[in-house]
Amino acid sequence: MSVAGLALDASSRSPIVLLRDPSGRRQVPIWIDQAQAHNIMAGIQDSPIPRPLSHDLMVALLKAGNLQLERVIIHAIEDNTFQAVLKLRLKASEEEPEEEKTPEESTLLLEIDARPSDAIALAVRTKSSIWMLEEVVAEASIPVDAEADAEDQNEFRRFLDEVSPAALVRHLQTRESETDEPFNSPDPDPDPDPDHQK
């Protein structure tokens, strides 16, 4: 899968990351939040930033721990939430020649659970591949309409360019008045993971 871009949900105005299959005929939308959209977009744009974002820090920690992100696998949908894992490989130590390592040591793979949005943000920064099991693609994919996709991506870019902190607060307050829930009150049934399917 590849990141086809980011779009906005027409009804909720929530960001969506679009993953496209290698054939280019199907894509899978994953609803995320604004911060996650920013982290993914920053990784895609690869533009210099004054201070590292959380995912830049994660990449630095992987390097410091001699770990390489081999691939991201989005493997299931449970309760309308996508599930993902990071496949990490422990790289051979530079002090110890590869031929002195046992096969188990040189091919050690680690698997770590992750939110798909975090996994995608890391994958775009490390140029790692993104895999999705076929049953997940079959369940969650939609046919590709390239013209509509381009329009959605342009609308999302305009939104990011024009939004200010004050405008974002107004947007959240508008959504609050529509749902009759206090703006800063705890969610009675919190969903800490926005990586879901609608």
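1. Some words on the overall build of the chain
Check the secondary structure of the chain and you find seven helices and eight strands. Considering only intrachain contacts with a sequence separation of at least 6, the fraction spanning at least 24 residues in the chain is 62%.

2. Describing the sheet that holds strand β3 (residues 26-31)
If you trace the four strands from one edge of the open sheet to the other, you get β1-β2-β3-β8, paired in antiparallel fashion. Looking at the sheet topology across the chains shown, the edges are occupied by β1 (2-8) and β8 (142-143). Two elements, strand β2 (residues 15-20) and β3, share five bridges in a ladder whose sense is antiparallel. Note on β3: the bridge partner recorded for leucine 19 is valine 28.

3. Quick notes on the sheet that holds strand β7 (residues 129-132)
One open sheet holds the four strands; their spatial order is β6-β5-β4-β7, and the pairing between them is mixed. The outermost strands of the open sheet, each flanked by one partner alone, are β6 (109-114) and β7. Each strand of the sheet is rotated relative to its neighbour by a mean of 25 degrees, with strand direction disregarded. By the bridge criterion, six bridges tie strand β5 (residues 81-90) to β6 in an arrangement that is antiparallel. Counted as the bridge partner of lysine 87 is glutamate 111 from β6.

Cut-offs and rules
Residue positions are given per chain, counting from 1 as you read along its sequence in written order. Per-residue local features are limited, in this predicted model, to residues with pLDDT of at least 70; the limit for side-chain atom pairs, both in listing and counting, is 80 or more; totals at the level of whole chains, interfaces and linings are taken over all residues. The basis for the side-chain values is all heavy atoms of the structure; hydrogens and waters are excluded. Secondary structure elements are defined from DSSP: runs of H or I of at least 4 residues count as helices, runs of E of at least 2 residues count as strands, and each element is numbered from the N terminus. Only heavy atoms enter the contact rule, under which two residues are in contact if any of them lie within 4.5 Å. Paired strands, as defined in this entry, are two strands with at least two bridges between them according to DSSP. The convention used is that axes are lines fitted to C-alpha atoms, helices contributing only their stretch in contact, and that angles between N-to-C directions extend from 0 to 180 degrees.

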